[in-house]
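Chain residues, written in single-letter form:
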Amino acid sequence: MADGTETESRKLLGRLREEMASEAAGQERLDRITHLIADSIRAEVCSVYLFRDEDTLELCATEGLAPEAVHKTRMRMGEGLVGRVAQSGKVVNTPDAPSAKGFRYMPETGEERFSSFLGVPVQRLGEKLGVLVVQSREARRFSADEVYALEVVAMVLAEMAELGAFVGEGAALSPLHQQSVQLSGGPAQEGYAEGHVWLHEPRVVVTNPIADDPHRERERLNEAVEELRVGVDKMLEISQGGDKEQLQVLEAYRMFANSKGWMRRMEEDIALGLSAEAAVEKEQSQARARMGQVTDPYLRERLADLDDLSNRLLRILTGQGNTNGADLPPDPILIARNIGPGDLLEYGRSLKGIVLEEGSVGSHATIVARALAIPLVVHVGRITTEALNGDHILVDGDQGIVHLRPEDTVANAVRDKIAMQAKAQERYASIRETPTVTRDGERINLVMNAGLMADLPSLNNSGAEGVGLFRTELQFLIRNQMPKRSELVTQYQRVLDAAEGKRVIFRTLDIGSDKVLPYMKHVAEPNPALGWRAIRVGLDKRGVMRMQLQALLRAANGRPLSIMFPFVAQADEFYEARWEVNKTIEREKRLGHILPETLEVGAMLETPSLAFAPQKFFDEVDFVSVGGNDLKQFFFAADRENELVRRRYDTLNVSFLSFIAQIVERCNSSNTPLSFCGEDAGRPVEALCLAAMGIRTLSMRPASIGPVKSVLLRADLQSLRKIIADARHRGEQSVRPAVMEWLRNQG
Ligand code: PEP
Ligand code: MG
């Protein structure tokens, strides 16, 4: 192969295939493979280094280095030339290894005799498995053909590892996907779950990486690519005139599907002896490795498109469909790189937990998972490559930790936590009907946040006294096109029917920022959270606002109705919106529709500016609800979506609590009912302090009502107020430590 001929390479792959089919145990097989490669590439040394754990590489087999070093020589990721190859995922090819950057001398191997070094990563679809190295005495740079051939061999090694070829007596490698792993991510919806992995997009398994008839393989590849192209063209045809971004993605698909470079590289892989599917996977692996290094969001997206296209091609070639024919396990934990809200809703409450490799705390999928109260962890690196369908898995949505194939001790500890949670739920059920009155006699209203029909059964189960925030945008977000007015009427009617007379506050469409409607023209904004969103969109797009107001009035059909406008930054915005409500009422009256028995129109206070609005505003608005999630991000100038800062400032910071107290005072001065509907309302300690500051209505996720009620029933708000005031006077930044101590002393 030193002269780079295809036949040599094919011969080597043919011998590797024989190895795969042989009866040999793992270590023996690996030893024979290093011998085969060294022989074929005419190098004195061939070594295979494999990962022992996430950070440690171990010399697992060698031809040419000291045999005693096998299973002894280890290095960390990034350490030495081998570690550099592993870390960067890139080839290192040097005629003079000792003077190359990062070289580390390992005396036990006897490698000082070898001058040239060629190391290629062994990786499979972004999963780093090890490094394949050849070395020779003669100081020479390996040719491009040799590098390429070794990459092909590394690809086959990765496939063999995936198929368990190196596992067995004297195992060089522990079986893949069998060890227990703990992975961390970001908590997006609390709660614990135990179940079995359900891969939203199952991995395609390539069982035949090597083929001996390149003509046949090339034909197979061409046929599959043709089928893929026809499929993409069809999708494009259907999408014409539709959403621009979707069209752009499909155009990118078409570009890749017709890319000569992509085809050429795959055909070259086939010429060297890979099967068509292995060639696709090799290119996919390299694209994934590049994805890890590219920071430009546009390029990353294009690489993700290519990845998706490769998956489609693999499915065509292997005949493995989307579901692999497997059945959803009885306690499924969904694993995906990302998932849209529509797909998630289709799974619905059947899911016990969700783990996403990407995702984000504010994504639509997260909103849906929260509404369904399914524990969710996002940003869990490697989860889609580590997990296999049916694997035992535990999800800790409170801490953002995932235990895949856990040891018994870990599983038992998590089970204990689950049992404690269930016990607490039982306790909460027993106080469901008890009105929330604190020990010193203050009556607090606990209402719930909702947004989907799926939320409404919680009205009864949780003991909520009504819906303090119905996020109407969720109905818009989960569809592919703008809903019709008649559809909205039906939706809102069903909500009011399900509420059985309990008050529901409908918040008008709150889109923009992180909530982008797929079918509305997307405006690229430098700072979407400070941009064209919520009531700003409503006032600029009056047609949509009117349509929604009409739908709400018709759905009420004579029943009491409460409407709330989001993100009101100045009083005029509220007056204008209320003027639209009045106009709509007049129109509805003229059309002969029955008007609501009572109508209340409120505003969400989500920007500090509204707290300083003229008194007239507080006199005229029917009610105010603090949107704490947004208010806090603007108060502290800390993006609620940005992991780097979103937890930096405490809600119990004295500045924020003083600000809340001011808002309470302003509302009290005009007898304007005030509620708080951000996430903090559902956190027991925060809820206590908000109540102590004078907030009398808290709106939260249904699952939080029990825990919040339980602490409020035991609390004396008068003495808590004193604790908060004292901490403030002492000059403390946050009252949390003092409040926590007070709670501990209360037992
Ligand atoms: C808030 O900002 O606190 C709020 C309830 O609105 P959302 O989280 O939907 O922006
Ligand atoms: Mg908000």
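Throughout what follows, the structure given in this document is the object of discussion. (Residues numbered from 1 in each chain as written. Chains lettered and ligands numbered in written order. Predicted model: local features only at pLDDT ≥ 70, side-chain atom pairs only at ≥ 80, totals over all residues. Heavy atoms only, no water.)

## Description of the packing of helix α24 (residues 684–692) against helix α25 (residues 702–714)
Each packed pair of helices is defined by two parameters, the angle between the axes and the distance between the axes. At a minimum axis distance of 9 Å, the contact between α24 and α25 shows a crossing angle of 50 degrees. Classed by the angle they form, the pair α24 and α25 counts as oblique. Considering how the two elements wind past one another, α24 and α25 form a crossing that is right-handed. The residues of α25 that touch α24, namely those facing P684, A687, L688 and A691, are P707, V708, V711 and L712. Tallied by class, the residues present in the contact of α24 with α25 amount to eight nonpolar, no polar and no charged. (Axes fitted to C-alpha atoms, helices over the stretch in contact; angles between N-to-C directions. Helix = DSSP H or I, 4+ residues; strand = E, 2+ residues; numbered from the N terminus. Parallel < 35°, antiparallel > 145°, perpendicular 65-115°, else oblique. Left-handed = near helix turned anticlockwise from the far one by under 90°. Contact = heavy atoms within 4.5 Å. Nonpolar A, V, L, I, M, F, W, Y, C, P; charged D, E, K, R; others polar.)

## With respect to the packing of helix α22 (residues 628–635) against helix α23 (residues 654–669)
Packing of α22 against α23 brings their axes to within 11 Å, and their N-to-C directions diverge by 125 degrees. With respect to their mutual orientation, α22 and α23 come out oblique. Crossing geometry of α22 relative to α23 is assigned as right-handed. Contacts between α22 and α23 involve L631, K632 and F635 from the former and S655, F656, F659, I660 and I663 from the latter. Considered class by class, the residues forming the contact of α22 with α23 number six nonpolar, one polar and one charged.

## Brief notes about the site of ligand 1
Neighbouring ligand 1 are 14 residues; R471, R507, E606, N629 and R640 lie closest to it. Within the side chain of E606, an N or O atom sits 2.8 Å from an oxygen atom of ligand 1. Between ligand 1 and the protein, one listed contact pairs an oxygen atom with a backbone N or O atom of G628 at 3.0 Å. Across the shell around ligand 1, the residue classes tally to three nonpolar, four polar and seven charged. (Near = heavy atom within 4 Å. Polar contact = N/O pair within 3.5 Å; in protein donor to acceptor, adjacent residues only side chain to side chain.)

## Re the side chain of S562
Its location among the elements puts S562 in strand β18 (residues 561–565). For S562, a relative accessible area of 4% gives the class buried. Within the local environment of S562, its side chain forms a polar contact with the side chain of R503, the two groups lying 3.0 Å apart. Beyond its immediate stretch of four places on either side in the chain, S562 contacts R503, V504, I505, F506, E600 and F623. (Buried < 20%, exposed > 50% of the residue type's maximum accessible area, 1.4 Å probe, protein only.)

## Quick look at helix α2 (residues 26–41)
A rise of 1.5 Å per residue sets the reference length of α2, with its 16 residues, at 22 Å; its end C-alpha atoms lie 23 Å apart and thus fit the reference within 8%. Buried within α2 are the following residues: G26, Q27, R29, L30, I33, T34, L36, I37, A38, S40 and I41. Of the residues trailing α2, R42 is marked for its positive phi of about 55 degrees. (Expected span 1.5 Å × (residues − 1).)

## Here we look at the packing of aromatic side chains
Following the criterion strictly, the structure yields 12 aromatic pairs and no others. Ring centres of F574 and F617 lie 5.7 Å apart, and the angle between their planes is 90 degrees; this geometry places the pair in the edge-to-face category. Highlighted residues: F574 in helix α19 (residues 571–590) and F617 in helix α21 (residues 615–620), separated in sequence by 43 residues. The pair formed by F574 and F617 is uniform in burial state, with each residue classed as buried. Among the residues examined, F617 registers a relative accessible area of 0% and is labelled buried. Ring pairs connect the aromatic residues F612, F635, F636, Y649, F656 and F659, which therefore count as one cluster. Above the plane of the ring of F567 lies R533, whose end atom (NZ or CZ) is 4.0 Å from the centre. (Phe/Tyr/Trp six-rings, centres within 6.5 Å; stacked < 30°, edge-to-face > 60°. Lys NZ or Arg CZ within 6 Å of the ring centre and 35° of its normal.)

## A word on the nonpolar core
Formed by 116 residues in total, the largest nonpolar core has its most connected members in F565, F617, I660 and L698. Excluding residues that lie within four positions of it along the chain, F617 makes contacts with A571, F574, Y575, A603, L610 and V624. (Core = buried A, V, L, I, M, F, W, Y, C linked by side-chain atoms within 4.5 Å.)

## A word on the sheet that holds strand β5 (residues 116–124)
Pairing within the open sheet is antiparallel, and its six strands lie in the order β3-β2-β1-β6-β5-β4. Two strands bound the open sheet, and with one partner strand each, they are β3 (74–76) and β4 (92–94). Strand-to-strand twist in this sheet, taken as the mean axis angle between neighbours without regard to direction, amounts to 25 degrees. Where helix α4 (residues 144–162) meets the sheet, it contacts β1 (45–53), β4, β5 and β6 (127–136), and its direction lies at approximately 40 degrees from that of β5. (Pairing = 2+ DSSP bridges.)

## Details of the coordination of the magnesium ion (ligand 2)
Looking at the magnesium ion (ligand 2), one finds its protein donor set to be E606 (OE) and D630 (OD), positioned 2.0 to 2.1 Å from the metal centre. With E606 in the loop between β19 (599–605) and α20 (608–611) and D630 in helix α22, this pair connects stretches of sequence that are 24 residues apart. Of the two residues, E606 and D630, neither departs from the other in class, the shared state being buried. (Donors = N, O, S within 2.8 Å, 3.2 Å for Na, K, Ca; no water.)

## Some details on the pattern of salt bridges
Where charged atoms from two side chains of opposite charge approach closely, those side chains can pair. Under the criterion given, the structure shown has 49 salt bridges. Between E79 and R104 there is a salt bridge, with the nearest N and O atoms lying 2.3 Å from each other. Of this pair, E79 sits in the loop between β3 and α3 (80–88) while R104 sits in the loop between β4 and β5, placing them 25 residues apart in sequence. The partly exposed category is assigned to R104, whose relative accessible area is 28%. Here D630 and R533 are joined by a salt bridge, their closest N and O atoms 2.9 Å apart. Here the residue D630 occupies a position in helix α22, and R533 occupies one in the loop between β17 (503–507) and α17 (535–540), the gap between them amounting to 97 residues. Residues joined in a network through salt bridges with shared partners are R265, D269, K282 and E283. (Salt bridge = Lys/Arg side-chain N within 4 Å of Asp/Glu carboxyl O.)

## Section: the state of the cysteines
Overall, the coordinates contain zero disulfides when judged by the stated rule. C677 provides the cysteine sulfur closest to C667, a residue in no disulfide bond, and the two sulfurs are 13 Å apart. With relative accessibility at 0%, the residue C667 sits in the buried group. (Disulfide = S-S within 2.5 Å.)

## Quick look at the sheet that holds strand β10 (residues 332–336)
Strand order in the open sheet formed by eight strands is β7-β14-β13-β9-β10-β11-β12-β8, and the pairing between neighbours is mixed. Here the strands that pair on one side only, and so sit at the sheet edges, are β7 (181–184) and β8 (186–189). Going from strand to strand, the sheet's axes swing by 30 degrees on average, the running direction of each strand aside. Across three bridges, the pairing between β8 and strand β12 (residues 376–378) is antiparallel.

## Quick look at helix α26 (residues 717–729)
For α26, with 13 residues, the first-to-last C-alpha span of 18 Å sits near the 18 Å given by 1.5 Å per residue. Among all positions in α26, only L717, L720, I724 and A727 are buried. Taken end-on, α26 shows its buried residues confined to a sector of 80 degrees, consistent with a single buried face. Facing away from the buried side of α26 by more than 90 degrees, the exposed set consists of Q718, K722 and H729. Against α23, α24 and α27 (736–746) lie the buried residues of α26. Capping of α26 at its N-terminal end is provided by D716; its side-chain oxygen lies 3.1 Å from the backbone amide nitrogen of Q718. Just downstream of α26, G731 is the residue with a positive phi angle, here 85 degrees. (Arc of directions from axis to C-beta.)

The quantities given are spatial measurements derived from coordinates; they are silent on function.
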